[in-house]
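So you can see what is in the structure, the chains are spelled out below.
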Amino acid sequence: MADAVGRGVMSKATIRSVETVPLRSTLDEPFGYAQAWVEERTALLVRIETDDGTVGWGECWGPIAGTREIVTDLLAPIVEGRDPTAVEQLYREMYDAGRTAYQSIVPLPAISGVDLALWDLRGKLAGESVASLLGGRRREDVRAYATGHYFKHDAPLAEQYDRIAAEAKANADRLGAVKAKIGLSFLGYGPDEDVELVRRIREAVGEDVPLMVDANYAYDAATARRVGRAIEDFDVYWFEEPVPPEDHDGYAALRQALDVRVAGGECHTPAELADLLGDGALDVVQPDVCNVGGITAADGIATQAQANGIPVVPHVWGTPVAIAASLQLIATLEGQTSPWLEFDNSSNPLREDLGVGSFDVSEDGRVSVPEGPGLGVEIDEDAFERYRIEEPS
Ligand code: CA
């Protein structure tokens, strides 16, 4: 043991570089939901490399503008030269720097991208999956539900209904659970047309398929209550984002008024989610690892939710980095014998092309949790050439 002292100082990897990778793919056929038309899919990846050549990947939710500069100009100087395994400490330093710089508006999507890359590195340096580092993989695969069922430009209402119902049936056959998008006021229709869309989808998928409904906060609380009561007739599993994220009282009141579960969280900060959970305002909480503050923040929210007996079903929207990170978190969730992965079926070449391998769906609608170290995702950097935005727009 005499030489143990000499070995006492382990050499640790340090962060050599932080790079952002802004990507864009213009869609041939735009699609719409209650708040916007999606004309293009974009992604802002974060690539962090250590001095031993290990690479970690992260992803930032939302627009590239602003977030890219926050990563490179504010957050990169904090983490460069540091030990990437000290993730929670670096998260706190980034959070405090963001709060100081932007008053109370902490740049959480930017912090998320860096945090995910740090977790990826921590896992790769330890030879462990992030789920293992979080305390253990409780499951090796998870059931998935299909997000999709969007609106199209210039289609008559009857055609929207027919097309969306057919898409839902196909997705139900593949995954076993589907989520309807409502809020057709965007197209000039009202809540009655929304309820009819839900009826049509239920009719198409049959009575045994879990059917979620997502309003993307198209309603005020009174309208949401009316729609919520109407869709209860169609055995809806949850009613997602019924009211704007700021309307905490509306969430709480709806949870009291409705029998259908009230879901939300993809547009909330950790502090807001803590308030919503503390107020008993959610039946299902949906933090997004690319938006809420990375694995560090999402894991903390999951811990609080589970302490209150509230199921966690992360919001997932993005590239294979986002999907892999979400699966790592889902693999650790307590108290849910079979949690869900949100499986985005909408058009996204970035999701299809950036990952080596893919997230295949098994015959019984399940997706495997990646087994490799870190997030368990391998990124095809050659694919960046097709999508990279060289100059910020
Ligand atoms: Ca949603």
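Residues numbered from 1 in each chain as written. Predicted model: local features only at pLDDT ≥ 70, side-chain atom pairs only at ≥ 80, totals over all residues. Heavy atoms only, no water.

1. What to know about the overall build of the chain
- When you go through the chain residue by residue, the secondary structure sums to 13 helices and 11 strands.
- At 21 Å, the chain has a C-alpha radius of gyration in line with the 21 Å of a compact globule built from 393 residues.
- Dimensions of the chain along its principal axes, counting C-alpha atoms only, are 75 × 45 × 45 Å.
- A total of 393 residues make up the chain; the buried ones form 54% of that total. (Helix = DSSP H or I, 4+ residues; strand = E, 2+ residues; numbered from the N terminus. Rg over C-alpha atoms; globule rule 2.2 N^0.38 Å. Buried < 20%, exposed > 50% of the residue type's maximum accessible area, 1.4 Å probe, protein only.)

2. Quick look at unusual backbone geometry
- Unusually for a residue other than glycine, D154 sits at a positive phi of about 60 degrees.
- One non-glycine residue, N216, lies in the positive phi region at around 45 degrees.
- Within the fold, N216 resides in the loop between β6 (211-214) and α7 (221-231).
- N216 sits in the buried class, given a relative accessible area of 5%.

3. A word on the sheet that holds strand β2 (residues 37-50)
- Within the open sheet, the 3 strands sit side by side as β1-β2-β3. Their pairing is antiparallel. Of all strands in the sheet, those with a lone pairing partner are β1 (15-32) and β3 (55-60), marking the two edges. When strand polarity is set aside, the average angle formed by the axes of neighbouring strands in this sheet is 20 degrees.
- Of the strands in this sheet, β1, β2 and β3 are in contact with helix α3 (residues 108-126), which crosses β3 at around 155 degrees. (Pairing = 2+ DSSP bridges. Axes fitted to C-alpha atoms, helices over the stretch in contact; angles between N-to-C directions. Contact = heavy atoms within 4.5 Å.)

4. Structural notes on the coordination of the calcium ion
- Taken together, the protein donors to the calcium ion comprise D214 (OD), E240 (OE) and E266 (OE), at separations of 2.2 to 2.4 Å.
- The sequence pattern describing where the donors of the calcium ion fall on their chain is D-x25-E-x25-E. In this pair, D214 sits in strand β6 while E240 sits in strand β7 (residues 236-240), placing the two residues 26 residues apart along the sequence. (Donors = N, O, S within 2.8 Å, 3.2 Å for Na, K, Ca; no water.)

5. Focus: the nonpolar core
- Core analysis: the largest hydrophobic core is formed by 112 residues, its most contacted members being I48, V114, I182, I201, F239, V285 and L341.
- The element best represented in this core is α3, accounting for 9 residues.
- Each of domain 1 (15-131) and domain 2 (132-381) accounts for three or more of the residues forming this core.
- When near neighbours in sequence (up to four residues on either side) are disregarded, I201 contacts I164, A165, A168, V178, A180 and L211.
- If you look at the next biggest cluster of nonpolar residues, it comprises 8 residues, including Y145, A177, M212 and V313. (Core = buried A, V, L, I, M, F, W, Y, C linked by side-chain atoms within 4.5 Å. Domains from an automatic or database assignment.)

6. As for the packing of helix α5 (residues 157-175) against helix α6 (residues 191-205)
- Running from N to C, α5 and α6 cross one another at 40 degrees; their axes reach a closest spacing of 8 Å. Taken together, the axes of α5 and α6 lie oblique to each other. For the element pair α5 and α6, the recorded crossing hand is right-handed. On the side of α5, the interface is formed by L157, Y161, D162, I164, A165, A168, K169 and A172, while α6 contributes E193, E196, L197, R200, I201, A204 and V205. (Parallel < 35°, antiparallel > 145°, perpendicular 65-115°, else oblique. Left-handed = near helix turned anticlockwise from the far one by under 90°.)

7. Section: the packing of aromatic side chains
- The tally for this structure, following the rule as stated, stands at 13 aromatic pairs.
- A centroid spacing of 6.3 Å and a plane angle of 90 degrees characterise the contact between Y145 and W340, whose relative ring orientation is edge-to-face. Of this pair, Y145 sits in strand β4 (residues 141-147) while W340 is found in strand β10 (residues 340-344), placing the two residues 195 residues apart along the sequence.
- Relative to W340, the ring of W238 has its centre 6.2 Å away and its plane inclined at 90 degrees; by these criteria the two rings are edge-to-face. With W238 in strand β7 and W340 in strand β10, the pair connects residues that are 102 residues apart, well separated along the chain. The two residues W238 and W340 agree in class, both being buried.
- Among the aromatic residues, ring-to-ring pairing joins F31, Y33, Y150 and W317 into one connected group. (Phe/Tyr/Trp six-rings, centres within 6.5 Å; stacked < 30°, edge-to-face > 60°.)

8. Description of the domain arrangement of the chain
- Once the domains are mapped, the chain shows domain 1 (15-131) and domain 2 (132-381).
- A C-alpha centroid distance of 22 Å is found between domain 1 and domain 2.
- Facing 42 residues of domain 1, the contacting portion of domain 2 comprises 55 residues.
- Of the roughly 4,100 Å² buried at the junction of domain 1 and domain 2 (both faces included), carbon and sulfur atoms supply 67%.
- Together, R41, W61 and A131 form the three largest contributors to the area buried by domain 1 at its contact with domain 2, with a combined 18%.
- Linking domain 1 to domain 2 there are 2 salt bridges.
- With a closest N to O distance of 3.1 Å, R41 and D344 form a salt bridge.
- Counting the contacts that link domain 1 with domain 2 gives 31 residue pairs in polar contact (both at pLDDT 80 or more).
- If you list the elements that add at least two residues to the side of domain 1 that touches domain 2, you get β1, β2, β3, α2 (87-101), α3 and α4 (130-133).
- Per-element tally for the side of domain 1 that touches domain 2: the top contributor is α3, with 11 residues.
- Looking at the side of domain 1 that touches domain 2 residue by residue, the classes come out as 22 nonpolar, 9 polar and 11 charged. (Buried area = accessible area lost by both parts, 1.4 Å probe. Salt bridge = Lys/Arg side-chain N within 4 Å of Asp/Glu carboxyl O. Polar contact = N/O pair within 3.5 Å; in protein donor to acceptor, adjacent residues only side chain to side chain. Nonpolar A, V, L, I, M, F, W, Y, C, P; charged D, E, K, R; others polar.)

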